[in-house]
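# Structure at a glance
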Amino acid sequence: MDKETKAQTIKDFQRSSNDVGSCEVQVALLTRRIQELTEHMKVHKKDHSSRRGLIALVNNRRRLLQYLQRTDNERYVTLIKRLGLRR
């Protein structure tokens, strides 16, 4: 992911002007990386080390989403709708 894409994603999902670490930002960045790795895996089907990294990213995002759902369900629902996730 290039710097411009990352900066734009952070800007779109941040809760305040200097927020770079909230759950929303982290989940949005992970979702972007997961999308990129998914496209990579469609071309390179036998790249098992990238597959392992992809699974780790998906699990990390799942844990963050579970935390957000447990602590603030309204923010969770809003984030899921904005990202278009099927949870």
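Residues numbered from 1 in each chain as written. Predicted model: local features only at pLDDT ≥ 70, side-chain atom pairs only at ≥ 80, totals over all residues. Heavy atoms only, no water.

### With respect to helix H4 (residues 73–83)
For clarity, the threshold we go by: Burial here depends on accessible area, computed with a 1.4 Å probe over protein chains only, as a share of the maximum for the residue type. Under 20% is buried, over 50% is exposed, and the range in between is partly exposed. In this description a helix means any DSSP run of H or I spanning at least four residues, a strand means any run of E spanning at least two, and both kinds are numbered starting from the N terminus. Of all possible arcs, the one meant is that of the directions from the helix axis to the C-beta atoms. When checking whether two residues touch, look at their non-hydrogen atoms; a contact exists if any pair is within 4.5 Å.
Those residues of H4 lying buried are Tyr76, Leu79, Ile80 and Leu83. The buried residues of H4 occupy an angular sector of 100° when the element is viewed end-on, so they sit on one face. What points out from H4, more than 90 degrees from its buried face, is the exposed set Glu74 and Lys81. If you follow the buried residues of H4, they end up packed against helix H1 (3–13), helix H2 (23–43) and helix H3 (48–71). Gly84, located one to two residues past H4, shows a positive phi value of around 75°.

### Here we look at the nonpolar core
Threshold: Only buried residues count toward a nonpolar core. Its members are Ala, Val, Leu, Ile, Met, Phe, Trp, Tyr and Cys residues joined through side-chain atoms within 4.5 Å.
In this structure, Phe13, Val27, Leu65, Leu79 and Leu83 are the most contacted members of the largest nonpolar core, which totals 20 residues. Looking at this core, the elements that each hand over two or more residues are H1, H2, H3 and H4. Examining the composition of this core, we find that eight residues originate from one element, H2, more than from any other. Setting aside anything within four residues of it in sequence, one finds Phe13 in contact with Glu24, Val25, Ala28, Leu79, Arg82 and Leu83.

### Section: the packing of H3 against H4
Filter applied, for reference: Axis definition: a line fitted to C-alpha atoms, limited for helices to the stretch in contact. Angles are taken between N-to-C directions and run from 0 to 180 degrees. Just so you know how the angles are binned, under 35 degrees is roughly parallel, over 145 roughly antiparallel, 65 to 115 roughly perpendicular, and the rest oblique. Residue polarity follows a fixed list, in which Ala, Val, Leu, Ile, Met, Phe, Trp, Tyr, Cys and Pro are nonpolar, Asp, Glu, Lys and Arg are charged, and the others, Gly among them, are polar.
Across the interface, H3 lies against H4 with an axial gap of 5 Å and an inter-helix angle of 135°. Considered as vectors, H3 and H4 are oriented oblique to each other. The segment H3 lies against H4, with Leu65, Leu68, Gln69 and Thr71 engaging Asn73, Arg75, Tyr76, Leu79 and Ile80. Residues that form the contact of H3 with H4 fall into these classes: five nonpolar, three polar and one charged.

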